[in-house]
Amino acid sequence: MLLARSYPAAARTGLAALVLTGLAGCAMDKETKVRARLGNWLELGVTTYFKSTNTCTAALFDGRFGPGMSMVQTVQSVQQGMVLLAHDIPVRFDIEGQTPSAVLQAIKRVDTPRGRTLLASEAAGHSCMEADLKQAYARLSQSRNAVLIIDPAENGVVVKDRQNQQVFFMRGAL
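Predicted model, so just to flag it, every value in this text is computed and none were measured. (Residues numbered from 1 in each chain as written. Predicted model: local features only at pLDDT ≥ 70, side-chain atom pairs only at ≥ 80, totals over all residues. Heavy atoms only, no water.)

**Here we look at the overall build of the chain**
Inference 1: Helix and strand counts for the chain come out as 6 helices and 7 strands.
Inference 2: The linear arrangement of helices and strands in the chain, starting from the amino end, is α-α-β-β-β-α-β-α-α-α-β-β-β.
Inference 3: Counting contacts in the chain only where the partners sit at least 6 residues apart, residues at least 24 apart contribute 58% of the total.
Inference 4: Element-wise, carbon and sulfur atoms account for 55% of the exposed surface of the chain, whose accessible area totals about 9,300 Å². (Helix = DSSP H or I, 4+ residues; strand = E, 2+ residues; numbered from the N terminus. Contact = heavy atoms within 4.5 Å. Areas by Shrake-Rupley, 256 points an atom, 1.4 Å probe, with all protein chains shown as cover.)

**Quick look at the state of the cysteines**
Inference 1: Going through the model one piece at a time under the given rule, you end up with 1 disulfide.
Inference 2: Between the sulfur atoms of cysteine 56 and its disulfide partner cysteine 128 the distance amounts to 1.9 Å. Handedness of the cysteine 56-cysteine 128 disulfide follows from its S-S torsion of about 80°: it is right-handed. Remark: cysteine 128 occurs in the loop between α5 (112–126) and α6 (131–141) and cysteine 56 occurs in strand β2 (residues 56–65); sequence separation between them is 72 residues.
Inference 3: The buried category is assigned to cysteine 56, whose relative accessible area is 2%. (Disulfide = S-S within 2.5 Å. Buried < 20%, exposed > 50% of the residue type's maximum accessible area, 1.4 Å probe, protein only.)

**Focus on the pattern of salt bridges**
Oppositely charged side chains can pair when the atoms bearing their charge come close.
Inference 1: Counted under the stated rule, the structure contains 8 salt bridges.
Inference 2: Put simply, aspartate 94 and arginine 92 hold a salt bridge, and the shortest N to O gap is 3.2 Å.
Inference 3: By relative accessible area, arginine 92 is classed as buried at 13%.
Inference 4: Aspartate 94 is the partner of arginine 162 in a salt bridge, and the nearest nitrogen-oxygen pair spans 2.7 Å. Here the residue arginine 162 occupies a position in the loop between β6 (156–161) and β7 (166–172), and aspartate 94 occupies one in the loop between β4 (91–93) and α4 (100–110), the gap between them amounting to 68 residues.
Inference 5: Relative accessible area serves as the criterion here: at 29%, arginine 162 is assigned to the partly exposed category.
Inference 6: Taken together, the shared-partner salt bridges connect Asp29, Lys33, Glu154 and Arg171 into one network. (Salt bridge = Lys/Arg side-chain N within 4 Å of Asp/Glu carboxyl O.)

**So, the side chain of aspartate 161**
Inference 1: When you line up the elements, aspartate 161 lands in strand β6.
Inference 2: For the buried aspartate 161, which has no salt bridge, the nearest side chain bearing the opposite charge is lysine 160, at an N-O separation of 6.1 Å.
Inference 3: At 3.0 Å, the side chain of aspartate 161 forms a polar contact with the backbone nitrogen of glutamine 163.
Inference 4: Within the structure, the side chain of aspartate 161 is placed 3.1 Å from the side chain of asparagine 164, a separation counted as a polar contact.
Inference 5: Residues contacting aspartate 161, with those up to four places away along its chain left out, are Leu140, Asn145 and Gln166. (Lys, Arg positive; Asp, Glu negative; His and termini not counted. Polar contact = N/O pair within 3.5 Å; in protein donor to acceptor, adjacent residues only side chain to side chain.)

**As for the environment of valine 34**
Inference 1: The residue valine 34 is located in helix α2 (residues 31–39) in this model.
Inference 2: In contact with valine 34, other than residues within four places in its own chain, are Asp29, Phe50, Thr57, Phe61 and Phe169.

**Here's the deal with unusual backbone geometry**
Across the chain, the bulk of peptide bonds are trans and the bulk of non-glycine residues have phi less than zero.
Inference 1: Of note, the phi angle at aspartate 88 is positive, near 60°, even though the residue is not glycine.
Inference 2: With a phi angle near 55°, glutamine 165 is a residue other than glycine that sits in the positive phi range.
Inference 3: Among the structural elements, glutamine 165 can be located in the loop between β6 and β7.

**Let's talk about the environment of glycine 97**
Inference 1: By the secondary structure assignment, glycine 97 is in the loop between β4 and α4.
Inference 2: Residue glycine 97 is classed as partly exposed on the basis of its relative accessible area, which comes to 37%.
Inference 3: Glycine 97 sits 48 residues away from asparagine 145 along the chain, and the two C-alpha atoms are 9.0 Å apart.

**Some details on the nonpolar core**
Looking at soluble globular proteins, one finds that nonpolar side chains tend to be buried together.
Inference 1: In terms of nonpolar packing, the biggest core is built from 31 residues, with Phe93, Ile107, Leu148, Val157 and Phe168 touching the most fellow members.
Inference 2: What phenylalanine 168 contacts, discounting residues up to four positions off in sequence, is Ala59, Leu60, Met129, Leu133, Ala136, Tyr137, Leu140, Val157, Val158 and Val159.
Inference 3: With 13 residues, the next largest nonpolar core counts Leu42, Phe61, Ile149 and Val167 among its residues. (Core = buried A, V, L, I, M, F, W, Y, C linked by side-chain atoms within 4.5 Å.)

Right, dumping it as structure tokens:
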């Protein structure tokens, strides 16, 4: 009788291991889905980098602002942007003299829960980046030559380099 009880337990353990192995291989996003979402706003070129795990996604595309950018509301203040984000409207924070990093910190000061969520999403995206890409993103996020776009529906953080026509995308599982 002891053997009959241990077999179902062993089967359950094996099944649990198979399920966890399967989940570990799942990606949070597919490149085609990210390109389609961002492609609504931006004209994307070559994908330079894409990695997605079950906890993070990071991507780098060649890209420029496209005609669909009109679907994203451009604001000149964090307060204006927060009103739109509250209604799940994508926002382009084009605030003179502010870097994307400074804007994210300002969002956190104005709306701590949303700010923490976005910063966590950005941080999770870092874990999907290789070292040289992390450095490039860190430089760009501190540049006044970059603009921050927030996709509230996906908790996506997009940083667009105006000069070099590059688009960073990142998000994390929350």
